[in-house]
Amino acid sequence: MIPEQPVQVEIGTNVWKPARRITTLSVGLVLVAILVLTALLAPLLAPFDPNIQHIELRLLPPSLTHWLGTDGFGRDLLSRVIYGARPTLLLVSLILVLTIPVGLLIGISAGYIGGWFERILMRLTDIVMSLPSLVMALALVAILGPGLMNGALALAFTSWPPFARQARAETLALRRSDYLAAARMQGIGGLRLMFGHILPLCLPSAVVRAALSLGGIILASAGLGFLGMGIQPPTAEWGSMVAEGSKVIFDQWWVAAAPGGAILFASLAFNLLGDGLRDKMDPRHGN
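Throughout this description, residue numbers start from 1 for each chain and increase along the sequence as written. For this predicted model, a pLDDT threshold of at least 70 governs which residues receive local features, and a threshold of 80 or more governs which side-chain atom pairs are given and counted, while totals over whole chains, interfaces and linings are taken from all residues. Water and hydrogen atoms play no part in the side-chain values, which are based on all heavy atoms of the structure.

- Naming follows an unreviewed UniProt entry, where the chain appears as ABC transporter permease of Rahnella woolbedingensis.
- UniProt positions are given in the numbering used here, feature names are shortened, and annotations may be inferred rather than shown by experiment. Its UniProt record gives the chain a comment under Sequence similarities (unreviewed entry), which states: "Belongs to the binding-protein-dependent transport system permease family."

Below, the structure written as structure tokens:
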């Protein structure tokens, strides 16, 4: 008697691969890339010179010639919005270059050395963190004078404490870890241990925090420009453009809406990028 062979049922495979899921990180990267490319290619993208005034064309509504209208001096708003991305990104870059190294240096030093040195640094961090950032930035700019570099210094002064507190907490958790114990057994210590082994482990979280704080930094820099403490006219800057448009906002709303939309776009792009990086680097926040 011939034994019965098991029946094999072939299940058809789907030849169409599922599309990659759109993530917050990918959307944020695309928006940030658009913002950076707009700033880099501003001379090619802007249809008009952003600083040339045409009084006879002042306060024109959006049209086929001027897509976003014109401001009170007859300047094309689309061109000024495009060029306004340059000082904003430059200011943000300067603030990050100043705040991240200072915050990591103070936080890692406090967490690794400990004792009275840690208490002094952390109390200093708490004092700076308790100060209202925008008010302090305005006070510093009033002392130093308006300008790009002075605005970056003023905003950086109140932006480093979160990086220091986070780096200290991570250093305290790493100080008694087996990883650092093995490094000490090999004769590694002092600055080499702090910046060769602890610093690389603190960098990913610092990058995520930096990306998450960029939206607030953009709003703060726009606030300085709105109050006349940032980059001075006639340079195109979104905050000062909103201030100019606020004078005629009820009749010519587009003058303030155009730079306001640019600020919203930039803040949204960096917030999405920060959320995506957090989900990517910390699985606890992922879906």
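Don't stop here, the text continues.
## Description of the pattern of salt bridges
Line of reasoning, step 1. One side-chain nitrogen of Lys or Arg within 4 Å of one carboxyl oxygen of Asp or Glu is enough to make a salt bridge. Counting across every chain of the model gives seven salt bridges.
Line of reasoning, step 2. The partner of Arg75 in a salt bridge is Glu244, with the nearest N and O atoms 3.6 Å apart. Here Arg75, found in the loop between α2 (42-45) and α3 (77-113), pairs with Glu244, found in helix α10 (residues 238-246); they are 169 residues apart in sequence, far enough to count as distant.
Line of reasoning, step 3. Burial classes: relative accessible area under 20% of the type maximum marks a residue as buried, over 50% as exposed, and values in between as partly exposed (1.4 Å probe, protein chains only). In this structure Arg75 comes out as buried when scored by relative accessible area, which is 3%.
Line of reasoning, step 4. Glu244 gets classed as partly exposed once you look at its relative accessible area, which sits at 23%. Helix and strand definitions here come from DSSP, where helices need a minimum of 4 consecutive H or I residues and strands a minimum of 2 consecutive E residues; each element is numbered from the N-terminal end.

## Considerations on the packing of α3 against helix α4 (residues 115-130)
Line of reasoning, step 1. Between the N-to-C directions of two axes lies an angle of 0 to 180 degrees, each axis being a line fitted to C-alpha atoms and, for a helix, fitted only over the stretch in contact. Running from amino to carboxyl end, α3 crosses α4 at an angle of 145 degrees, the nearest separation of the two axes being 7 Å. As for the relative orientation of α3 and α4, their crossing is left-handed in sense. On α4, the residues that touch Ile106, Ser109, Ala110 and Ile113 of α3 are Gly115, Phe117, Glu118, Leu121, Met122 and Thr125.
Line of reasoning, step 2. Three classes are used: nonpolar for Ala, Val, Leu, Ile, Met, Phe, Trp, Tyr, Cys and Pro, charged for Asp, Glu, Lys and Arg, and polar for all others, with Gly counted as polar. Within the contact of α3 with α4, the residues separate by chemical class into six nonpolar, three polar and one charged. Crossing chirality is assigned from the near helix's rotation relative to the far helix, an anticlockwise turn below a right angle marking it left-handed and a clockwise turn marking it right-handed. Residue contacts follow a heavy-atom distance rule, with two residues in contact if any of their heavy atoms lie within 4.5 Å.

## Description of helix α6 (residues 148-157)
Every α-helix carries 3.6 residues per turn, so stepping three or four residues along brings you back to the same face.
Line of reasoning, step 1. Every buried residue belonging to α6 is among Asn150, Gly151, Ala152, Ala154, Leu155 and Ala156, and all of these are buried.
Line of reasoning, step 2. The inward-facing, buried residues of α6 abut α3, α5 (133-144) and α9 (190-226).

## A closer look at unusual backbone geometry
Line of reasoning, step 1. Despite not being glycine, Leu59 has its phi angle at roughly 60 degrees, a positive value.
Line of reasoning, step 2. One can find Leu59 in the loop between α2 and α3.
Line of reasoning, step 3. For Leu59, a relative accessible area of 17% corresponds to the buried category.

## Remarks on the UniProt feature "domain: ABC transmembrane type-1" (unreviewed entry) in the chain
Line of reasoning, step 1. UniProt marks residues 85-274 with the feature "domain: ABC transmembrane type-1" (unreviewed entry), using the numbering shown here.
Line of reasoning, step 2. As a span, residues 85-274 carries 83% helix and 0% strand, and end to end its C-alpha atoms are 19 Å apart.

## Observations concerning the side chain of His66
Line of reasoning, step 1. Take His66: it is sitting in the loop between α2 and α3.
Line of reasoning, step 2. By relative accessible area, His66 is classed as buried at 8%.

## Concerning the packing of aromatic side chains
Line of reasoning, step 1. Aromatic pairs are defined between Phe, Tyr and Trp rings, using the six-membered ring for Trp, whenever the two ring centres lie within 6.5 Å; interplanar angles under 30 degrees are classed as stacked, those over 60 as edge-to-face, and all others as tilted. Applying the stated criterion to the full structure yields two aromatic pairs.
Line of reasoning, step 2. Ring geometry for Trp116 versus Phe117: centroids 6.1 Å apart, planes at 85 degrees, classification edge-to-face.
Line of reasoning, step 3. Ring plane angle 80 degrees and centroid distance 5.8 Å describe the contact between Trp253 and Trp254, whose orientation is recorded as edge-to-face.

## A word on the UniProt feature "transmembrane region" (unreviewed entry) in the chain
Line of reasoning, step 1. UniProt records the feature "transmembrane region" (unreviewed entry) at residues 25-46, 89-113, 134-159, 179-199, 211-232 and 252-274, using the numbering of this structure.
Line of reasoning, step 2. This span, residues 252-274, is 91% helix and 0% strand, and a straight line between its end C-alpha atoms measures 35 Å.

## A closer look at the side chain of Asp71
Line of reasoning, step 1. With respect to the helices and strands, Asp71 occurs in the loop between α2 and α3.
Line of reasoning, step 2. Of the polar contacts made by the side chain of Asp71, one reaches the backbone nitrogen of Phe73; its length is 3.0 Å.
Line of reasoning, step 3. Here a polar contact means two N or O atoms within 3.5 Å. Within protein one must be a hydrogen donor candidate and the other an acceptor candidate, and residues neighboring in sequence count only if both atoms are side-chain atoms. For Asp71, the side chain forms a polar contact with the main-chain nitrogen of Arg75, separated by 2.8 Å.
Line of reasoning, step 4. Ignoring sequence-local partners within four residues, the contact set of Asp71 consists of Arg58, Leu59, Leu77, Arg80, Glu244 and Val255.

## Topic: a nonpolar patch on the surface
Line of reasoning, step 1. Each patch groups residues whose relative accessible area exceeds 30% and which form no salt bridge, using 9 Å between like charges and 5 Å between nonpolar side chains of Val, Leu, Ile, Met, Phe, Trp and Tyr. Reported accessibility uses the Shrake-Rupley method at a 1.4 Å probe radius. Residues are deemed covered only where the shown protein chains occlude them. The grouping of Val36, Leu37, Leu40, Leu41, Leu44 and Leu45 at the surface amounts to a nonpolar patch, some 580 Å² of accessible area in total.
Line of reasoning, step 2. Elements represented by at least two residues in the nonpolar patch include exactly α1 (24-40) and α2.
Line of reasoning, step 3. One can find Leu37 in helix α1.

## Examining the nonpolar core
Burial of nonpolar side chains together is a common tendency in soluble globular proteins.
Line of reasoning, step 1. Here, the term nonpolar core denotes a set of buried Ala, Val, Leu, Ile, Met, Phe, Trp, Tyr and Cys residues that are joined through side-chain atoms within 4.5 Å. Membership of the largest hydrophobic core comes to 56 residues, with the highest contact counts inside it found for Trp238 and Phe270.
Line of reasoning, step 2. For this core, the element with the highest residue contribution is α9, accounting for 14 residues.
Line of reasoning, step 3. Not counting residues up to four positions away in its chain, the partners in contact with Trp238 are Leu35, Arg80, Val81, Gly84, Ala85, Thr88, Pro259, Ala262, Ile263 and Ala266.

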